[in-house]
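Secondary and tertiary structure notes
The lines below spell out each chain.
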Amino acid sequence: MTVLSMKNLGVAVAEQQILHGVDLEVASGEVHAVMGPNGAGKSTLSNAIMGKAGYQITSGSLELDGQDLSTLPTWARAQAGLFLAMQYPTEVPGVSVRETLELALAERSSQEIDVQSRLLEEAEKIGLANELLERALNVDMSGGEKKRNETAQLAVLDPQIAVLDELDSGLDIDALRACAERIEGMTEQGLGVLCITHYHRLLDYLPADHVHILVGGRIVESGGPELAVELEAEGYSRFIESDDESEGVSVAIGGRSQQTSSSISEADDPFADPLA
Ligand code: ADP
Ligand code: MG
């Protein structure tokens, strides 16, 4: 049993405080969905977990099975059992996915793994064309191909905990189902998942045990899967503009009004500028 734990996690980037005390615990076999409007800090959370340069932990703790992750470089976090499927997978000219995984697995264990066979097996399950396995990592791949590629890497690397940052963006409906069902299969083998998404659709195939709403760098509500359905119907407005101080929402958001200005229509618009 593995537990990724964040307590009162504060994260700043470019001298701006983005996350204001996030509490979250993801254990083996669990699926936690994090939903929230654009600019809420979802990718910041995933980058801070993985230790991307520039994302500074300003308060609280980030631990994997009680081990402090905050001082570890990204590769050591990966070796400890974390994986991040990036919102915008990086292109790496000159290195194929097979070579990448061979090196990663050789670092993790002395056990010989036939990466090529494992990749072919996984590629078939999620409909990733074989010729892409020899192409430079993510170079000239469509958005959907990149996300399938991330899923194949996840399945071959077989981490303890996976963070999926908008795995569904760029995937067509069949690919979404194939990738999500593959990951759901991995959760049955013990994978813990932190799944960042805007849409309930992904959770149809990768059902969440817990849903958390992140607004303005804070988790403003947590609940069961019904929360994701509610959100898709109602949007985030009640979290952004609540006047009911007893809910603590307007207080929580007030400290960061500048960054909570992204409107509900923006969050719902699949064509909105993802960097906005
Ligand atoms: P989300 O993924 O929820 O849409 P992000 O975590 O990407 O939100 O961004 C949250 C805020 O942090 C945004 O205002 C964004 O501009 C800012 N931010 C994130 N990463 C960086 C960075 N590397 N440099 C400057 N600002 C950043
Ligand atoms: Mg993001």
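Residues numbered from 1 in each chain as written. Chains lettered and ligands numbered in written order. Predicted model: local features only at pLDDT ≥ 70, side-chain atom pairs only at ≥ 80, totals over all residues. Heavy atoms only, no water.

Okay, helix α8 (residues 226–234) next. Where α8 is concerned, the buried positions are L227, A228 and L231. The buried residues of α8 occupy an angular sector of 100 degrees when projected down its axis, which confines them to one face. Turning to α8, the residues buried within the fold contact β3 (31–35), α7 (200–205), β11 (210–215), β12 (218–223) and α9 (237–240). G235 sits one or two residues past α8 and shows a positive phi near 75 degrees. (Buried < 20%, exposed > 50% of the residue type's maximum accessible area, 1.4 Å probe, protein only. Helix = DSSP H or I, 4+ residues; strand = E, 2+ residues; numbered from the N terminus. Arc of directions from axis to C-beta. Contact = heavy atoms within 4.5 Å.)

A few words now on the coordination of the magnesium ion (ligand 2). Surrounding the magnesium ion (ligand 2) are the protein donor atoms S43 (OG) and Q87 (OE1), at 2.1 to 2.3 Å. Of the two residues, S43 is situated in helix α1 (residues 42–50) and Q87 in the loop between β6 (82–85) and β7 (92–96); the sequence distance between them amounts to 44 residues. Taking relative accessible area as the criterion, Q87 reaches 13% and is therefore assigned buried. (Donors = N, O, S within 2.8 Å, 3.2 Å for Na, K, Ca; no water.)

Take the nonpolar core next. Of all hydrophobic cores here, the largest spans 50 residues; its most connected members are L119, L154, L164, I183, V193, L206 and I213. No other element matches helix α6 (residues 173–188), which puts 6 residues into this core. For I183, the contacting residues outside a window of four places in its chain are T151, L154, L164, L167, L191, V193 and L206. With 26 residues, the next largest nonpolar core counts L24, A48, L64 and V163 among its residues. (Core = buried A, V, L, I, M, F, W, Y, C linked by side-chain atoms within 4.5 Å.)

Turning our attention to the site of ligand 1. What surrounds ligand 1 is the set V13, A14, I18, P37, N38, G39, A40, G41, K42, S43, T44 and Y55. A distance of 2.8 Å separates an oxygen atom of ligand 1 from a polar backbone atom of G39. Burial of ligand 1 by the protein amounts to 66% of the accessible area it has alone, namely 560 Å². Per-element accounting of the shell around ligand 1 gives the leading share, 3 residues, to α1. Counted by class, the shell around ligand 1 contains 6 nonpolar, 5 polar and 1 charged residues. (Near = heavy atom within 4 Å. Polar contact = N/O pair within 3.5 Å; in protein donor to acceptor, adjacent residues only side chain to side chain. Areas by Shrake-Rupley, 256 points an atom, 1.4 Å probe, with all protein chains shown as cover. Nonpolar A, V, L, I, M, F, W, Y, C, P; charged D, E, K, R; others polar.)

Where burial is concerned, most of β11 is hidden: 5 out of the 6 residues are buried. In the sheet, β3 pairs with β11 via 4 bridges, with the strands oriented parallel. In the sheet register, A33 faces β11, and the bridge partner there is V211. (Pairing = 2+ DSSP bridges.)

We now examine the sheet that holds strand β5 (residues 67–68). The strand order β2-β1-β4-β5 describes an open sheet built from 4 strands, whose pairing is antiparallel. Where the open sheet ends on each side, the last strands, each with one partner, are β2 (16–27) and β5. Summarising the sheet, strand β1 (residues 3–13) and β2 pair through 9 bridges and their orientation is antiparallel. Paired with L9 across the two strands is V22, which belongs to β2. Across the sheet, α1 touches β1, β2 and β4 (55–64), and the angle it forms with β1 is around 110 degrees. (Axes fitted to C-alpha atoms, helices over the stretch in contact; angles between N-to-C directions.)

Our focus in this paragraph is the confidence of the model for the chain. In low-pLDDT segments, the atomic positions of the prediction should not be examined closely. Taken as a whole, the chain shows an average pLDDT of 88; of its residues, 87% reach a score of 70 or greater. Note on residues 243–271: pLDDT under 50 across the span, and 46 contacts to partners over four residues away in sequence or across chains. (pLDDT = per-residue confidence, 0-100.)

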